[in-house]
Amino acid sequence: MTELRESFESAADGYDAARPAYPEALFDDLVDLARLEPRARLLEIGCGTGNATRPLAERGFEILCVELGQRLAVHARANLEGFPVAIEVSPFENWNGGAGFDLVYSANAWHWLDPELRFRKAHALLRPNGRLAIWGANHAFPQGFDPFFTEIQEVYDEIGECDDGAWPPPPPDEAPDERAAIQASGLFGEVEVRRYLWELRYTADEYIALLDTFSGHLVMKPEARAHLYAEIRRRLGSREDPSVHRHWSSILHVARALPSVANHTCVASNERRTGL
């Protein structure tokens, strides 16, 4: 887990170039659901190169980012120059740099955090009735998705990198959300969920550049990765249109922090059950 979490630092340059932007509608909904007022104070966990930071900075919010990777933070500072954004390099679990935020949010990084700490720490950093927002960017398989992704599975199987789940994965409107986990923390309520789906076209080189930003591909054995990438180029090169169409999906969750007194009771109860 630690190796995968830290692998993105080695791909900082490619990450900045290859990772897709999130839909503008997601940020509009986030501002609305989190009830953000002008000049609200935001804390972002795991800003990467600033992909989910800039759209909120452009809306006038003051943002403090906590980023694990030094090289990723360098890219983020360059991308966010001139905006009211500060970036501190630290694991979120060890960071102690303030509280009273209107929104704590994490885009595509929440799942890397310590599951026994993340909700409690996020709650402690929020003002009363502040909001927590989490979302990711996942490969989606709606009806009629590009058959290339079924064909390439045989290569993943061949190199021992097959997915244990069913194929194809559930369509995006059936993908599970995190509502139950947020509510089970005992720290957040009024969970709102919104879903987004979009499609991007990639040439073989562009798609391989994208894969080079995914943790599983970054830690793959070099010979296996070379074989996979050669097959991607060969298969896409044989198409009349030598490209692939990949669908992306995001599930936005926005939840209100419950009052502290009630939360202390819930946390104590959770700790007794889990033996923390």
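In short, a report on the structure.

Scoring rules and cut-offs
- Residues numbered from 1 in each chain as written.
- Predicted model: local features only at pLDDT ≥ 70, side-chain atom pairs only at ≥ 80, totals over all residues.
- Heavy atoms only, no water.
- Helix = DSSP H or I, 4+ residues; strand = E, 2+ residues; numbered from the N terminus.
- Buried < 20%, exposed > 50% of the residue type's maximum accessible area, 1.4 Å probe, protein only.
- Contact = heavy atoms within 4.5 Å.
- Areas by Shrake-Rupley, 256 points an atom, 1.4 Å probe, with all protein chains shown as cover.
- Salt bridge = Lys/Arg side-chain N within 4 Å of Asp/Glu carboxyl O.
- Arc of directions from axis to C-beta.
- Phe/Tyr/Trp six-rings, centres within 6.5 Å; stacked < 30°, edge-to-face > 60°.
- Lys NZ or Arg CZ within 6 Å of the ring centre and 35° of its normal.
- Core = buried A, V, L, I, M, F, W, Y, C linked by side-chain atoms within 4.5 Å.
- Lys, Arg positive; Asp, Glu negative; His and termini not counted.
- Polar contact = N/O pair within 3.5 Å; in protein donor to acceptor, adjacent residues only side chain to side chain.

**Details of the overall build of the protein**
Stage number 1. A count of helices and strands for the protein gives 13 helices and eight strands.
Stage number 2. Within the protein, the proportion of its 276 residues that are buried is 49%.
Stage number 3. The long-range fraction of contacts in the protein, counting pairs at least 24 apart against all pairs at least 6 apart in sequence, stands at 77%.
Stage number 4. In the structure as shown, the protein presents an accessible area of about 13600 Å², 51% of it carried by carbon and sulfur atoms.

**Describing the pattern of salt bridges**
Stage number 1. In this structure the tally under the stated criterion is 14 salt bridges.
Stage number 2. Residue Arg54 is joined to Glu58 by a salt bridge in which the shortest nitrogen-to-oxygen separation is 3.0 Å.
Stage number 3. Taken together, the salt bridges that share partners define one network made up of Glu154, Glu231, Arg234 and Arg235.

**A look at unusual backbone geometry**
Stage number 1. The linkage connecting Trp167 with the following residue, Pro168, adopts the cis geometry, with an omega of -5 degrees.
Stage number 2. We note that Arg35 has phi near 55 degrees; this positive angle belongs to a residue other than glycine.
Stage number 3. Even without being glycine, Glu190 reaches a positive phi, approximately 50 degrees.
Stage number 4. On the secondary structure map, Glu190 appears in strand S7 (residues 188-203).

**Thoughts on helix H10 (residues 204-211)**
Stage number 1. Among all positions in H10, only Ala204, Tyr207, Ile208, Leu210 and Leu211 are buried. Projected down its long axis, H10 shows its buried positions confined to an angular sector of 155 degrees, all on one face.

**Focus on the packing of aromatic side chains**
Stage number 1. Applying the stated criterion to the full structure yields 14 aromatic pairs.
Stage number 2. Summarising the aromatic geometry, the rings of Phe27 and Trp135 are spaced 6.0 Å apart at their centres and angled 85 degrees between planes, so their arrangement reads as edge-to-face. One end of the pair, Phe27, is in helix H3 (residues 24-33); the other, Trp135, is in strand S5 (residues 126-135), and 108 residues separate them in sequence.
Stage number 3. Ring centres of Phe148 and Phe149 lie 5.4 Å apart, and the angle between their planes is 75 degrees; this geometry places the pair in the edge-to-face category. Assigned by exposure class, Phe148 and Phe149 land together as buried.
Stage number 4. In this structure an aromatic cluster arises from ring pairing among Phe141, Phe145, Phe148, Phe149, Trp167, Tyr202 and Tyr207.
Stage number 5. Cation over ring: Arg41 sits above Phe101, and NZ or CZ is 4.4 Å from the ring centre.

**Details of the nonpolar core**
Stage number 1. With 55 residues, the main nonpolar core has Trp135 and Ile232 as its most contacted residues.
Stage number 2. Not counting the four nearest positions on each side in its chain, Trp135 is found in contact with Tyr22, Leu26, Phe27, Leu30, Ala52, Tyr105, Ser106, Ala107, Asn108, Ser250, Ile251 and Leu252.
Stage number 3. Core analysis: the next-biggest nonpolar cluster, separate from the first, contains 24 residues, Trp110, Ala122, Ile182 and Ile251 among them.

**Section: the environment of Arg179**
Stage number 1. Turning to its location among the elements, Arg179 is positioned in helix H9 (residues 179-184).
Stage number 2. Assessed through its relative accessible area of 31%, Arg179 is described here as partly exposed.
Stage number 3. It is 8.9 Å that separates the C-alpha atoms of Arg179 and Ala255, two residues lying 76 residues apart in sequence.
Stage number 4. Residues contacting Arg179, with those up to four places away along its chain left out, are Val191, Val193 and His253.

**Remarks on the side chain of Lys121**
Stage number 1. Tracing the backbone through its elements, the reader meets Lys121 in helix H6 (residues 118-125).
Stage number 2. In this structure, Lys121 is buried with no salt-bridge partner, the nearest side chain bearing the opposite charge being Glu93 at 7.1 Å.
Stage number 3. Polar contacts involving the side chain of Lys121 include one to the main-chain carbonyl oxygen of Phe92, which spans 2.8 Å.

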